[in-house]
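# Secondary and tertiary structure notes
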Amino acid sequence: MAGTISNAPALAAYVGTWQTPCDGHERQVLVVALQADGSGALELTPATETYLKAGCSGPVLATETLSAKIGAVPDGVADIVIKLSGSDVAASVRIDKLTLSIPAYTFNVAGPGVEYVIHNDQQQRCTDHESGSTCVDDDGMHKAYTIAGGMVLSNNKLYTVVWNGSDYVPDTLYVKQ
């Protein structure tokens, strides 16, 4: 019997909800979806959640989001040698290269623990948690920009990389939710 032919876009393996390990009271979440236009490009929706308790437990007090979604257009593949995480040794991996387009955006911080304050003449949105507070400057509208990056999967881990002008370097490690 002949093998099955798949018409699924090459980047479909990345689709899903991913999260970083907890960093004190915060965890990043990345929702990856295929763009609805059928192009095979991805749509990335990042967020940062702030929790009441260390270890990312207790209620979510605030969620920081961008006002726009990030477009990720496939740009081929590359074989690179990279140390993906702190405990790994450098290894050769094949990444899916992406051109990331970030439209003009603002940061939005919302939730039951968010307060709008002015500190040192800077508007901020702050969230108090059991170990102190986390504040995000309210800088208004940020300019649109484009960067080169990539993704690679290893088991249930998603590694993102960015192009620094001469090499791809590790950016963020996510695990599938």
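Above: the structure in question.
Cut-off values and rules
- Residues numbered from 1 in each chain as written.
- Predicted model: local features only at pLDDT ≥ 70, side-chain atom pairs only at ≥ 80, totals over all residues.
- Heavy atoms only, no water.
- Core = buried A, V, L, I, M, F, W, Y, C linked by side-chain atoms within 4.5 Å.
- Buried < 20%, exposed > 50% of the residue type's maximum accessible area, 1.4 Å probe, protein only.
- Helix = DSSP H or I, 4+ residues; strand = E, 2+ residues; numbered from the N terminus.
- Contact = heavy atoms within 4.5 Å.
- Disulfide = S-S within 2.5 Å.
- Pairing = 2+ DSSP bridges.
- Axes fitted to C-alpha atoms, helices over the stretch in contact; angles between N-to-C directions.
- Phe/Tyr/Trp six-rings, centres within 6.5 Å; stacked < 30°, edge-to-face > 60°.

Okay, the nonpolar core next. Tyr14, Val32, Leu42, Leu44, Leu100, Met151 and Leu158 are the most contacted members of the largest nonpolar core, which totals 18 residues. Looking at this core, the elements with two or more residues in it are strand 2 (26-34), strand 3 (42-53), strand 5 (70-82) and strand 6 (91-102). No other element matches strand 6, which puts 3 residues into this core. If near-sequence neighbours (up to four positions away) are discounted, Met151 is found in contact with Tyr14, Leu42, Leu44, Ile95, Asp96, Leu98, Leu158, Tyr159 and Thr160. Counting residues in hydrophobic clusters, the runner-up holds 10 residues, among them Ala78, Ile82, Val152 and Tyr159.

Here we take up the state of the cysteines. What the rule picks out here adds up to 2 disulfides. Here Cys22 engages in a disulfide with Cys56; their sulfurs sit 2.1 Å apart. Residues Cys22 and Cys56 share a disulfide whose torsion about the S-S bond is about 85°; that sign makes it right-handed. A residue pair is termed long-range when its members are at least 10 positions apart, and Cys22 in the loop between strand 1 (16-19) and strand 2 and Cys56 in the loop between strand 3 and strand 4 (57-66) qualify at 34 residues. The disulfide that involves Cys126 links it to Cys135, with 2.1 Å between the sulfurs. Judged by the sign of its S-S torsion, about 115°, the cystine formed by Cys126 and Cys135 is right-handed. The class of Cys126 is buried, set by a relative accessible area of 9%. Here the bonded cysteines of the chain are numbered in sequence order, and their pairing is 1-2, 3-4.

Moving on, we come to the sheet that holds strand 8 (residues 114-119). As a general point, the strands of a sheet are linked pairwise by backbone hydrogen bonds and lie either parallel or antiparallel. Reading across from one edge, 8-9-10 is the order of the 3 strands in this open sheet, with antiparallel pairing throughout. Each edge of the open sheet carries a strand with a single partner, namely strand 8 and strand 10 (132-137). Sheet twist, expressed as the mean angle between neighbouring strand axes with direction ignored, is 35°.

Okay, the pairing of strand 9 (residues 122-129) next. Remember that side chains alternate between the two faces of the sheet whenever the strand is regular. Where strand 8 lies against strand 9, 6 bridges are found, and the strand directions are antiparallel. For Ile118, the partnering residue across the bridge sits in strand 9 and is Gln123. The antiparallel pairing of strand 8 with strand 9 creates a hairpin that spans 2 residues between the two strands, and Asn120 there sits at a positive phi of about 55°. Of the pairings in the sheet, the one linking strand 9 to strand 10 comprises 6 bridges and is antiparallel in character. Bridging from a neighbouring strand, Cys126 pairs with Cys135 of strand 10.

So, on to the packing of aromatic side chains. For any pair of aromatic rings, the description rests on two quantities: the centre-to-centre distance and the angle between the ring planes. Evaluation of the coordinates by the stated rule reveals 2 aromatic pairs. Ring geometry for Tyr105 against Phe107: centres 5.5 Å apart, planes inclined by 85°, an arrangement best described as edge-to-face. For Tyr105, a relative accessible area of 9% puts it in the buried group. The interplanar angle of 65° and the centroid separation of 4.8 Å between the aromatic rings of Trp163 and Tyr168 together place this pair among those described as edge-to-face. On the basis of relative accessible area, Trp163 is assigned to the partly exposed category, the value being 38%.

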